Amino acid sequence: MSNETKHDVFEVAMNHAAKSGWVDYSEMMNRYDAALPDNLPVIPEAAGEILRSAYGQTKLLDVLDTAKNGYKVSETLAWINGFQNTFSLAWVLGVWRVQETWEIVKLEAK
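Cut-offs used in this document
- Within every chain, residues take consecutive numbers counted from 1 along the sequence as written.
- Local features in this predicted model are restricted to residues of pLDDT 70 or higher, and side-chain atom pairs are both shown and tallied only at a pLDDT of 80 or more, whereas totals for entire chains, interfaces and linings draw on every residue.
- Water and hydrogen atoms were dropped before computing side-chain values, which therefore reflect all heavy atoms in the structure.
- Residue types Ala, Val, Leu, Ile, Met, Phe, Trp, Tyr and Cys, when buried and joined through side-chain atoms within 4.5 Å, form a set referred to as a nonpolar core.
- Note on exposure labels: buried denotes an accessible area under 20% of the residue type's maximum, exposed denotes more than 50%, and partly exposed covers the range between, all computed with a 1.4 Å probe on protein chains only.
- Each helix corresponds to a stretch of at least 4 residues labelled H or I by DSSP, and each strand to a stretch of at least 2 residues labelled E; elements are numbered beginning at the N terminus.
- Residue contacts are counted whenever heavy atoms from the two residues lie within 4.5 Å of one another.
- Geometry is summarised by axes, namely lines fitted to C-alpha atoms with helices restricted to the contacting stretch, and by angles between N-to-C directions that run from 0 to 180 degrees.
- In these notes the angle categories are as follows: under 35 degrees is roughly parallel, over 145 is roughly antiparallel, 65 to 115 is roughly perpendicular, and the rest is oblique.

Draft legend 1. Quick look at the nonpolar core. Counting residues in each nonpolar core, the largest one holds 18 residues, and the members touching the most others are I43, L51, I80, F87, W91 and W96. Of all the secondary-structure elements, those providing two or more residues to this core are helix 3 (45–54), helix 4 (60–69), helix 5 (75–82), helix 6 (84–93) and strand 2 (95–98). Residue contributions to this core peak at 4 residues, all from helix 4. Contact partners of I80, with chain neighbours within four places excluded, come to A47, I50, L64, A67 and F87.

Draft legend 2. The arrangement of the packing of helix 3 against helix 5 in detail. The interhelical angle for the contact between helix 3 and helix 5, taken along N-to-C directions, is 80°, at an axis separation of 9 Å. By the criterion of interaxial angle, the relationship of helix 3 to helix 5 is roughly perpendicular. In contact with A46, A47 and I50 of helix 3, helix 5 contributes T76, L77, W79 and I80.

The quantities given are spatial measurements derived from coordinates; they are silent on function.
Below, the structure is given as structure tokens:
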């Protein structure tokens, strides 16, 4: 196993391409650095709505606690409880794919 990241491999490839003269190294590296990760979390639209409304208003642990111990059980809260890692990753990244449409959603800066 290598300690190289995908970014390291891409950078080597871009260096080779830049030396051959067919790509603008700086432009490609800037685009790569600004791009979203390939493996975005995929969450149901309803879970995304909860994430959007709760983000900045409460803590992630409060949302997970409500999903697990809340008085009102719903399919969406059951999904959040069952897929806590996926929901948490979407929360931390502030970006995810909607399961039903595959659309990318980003949280807006507040």
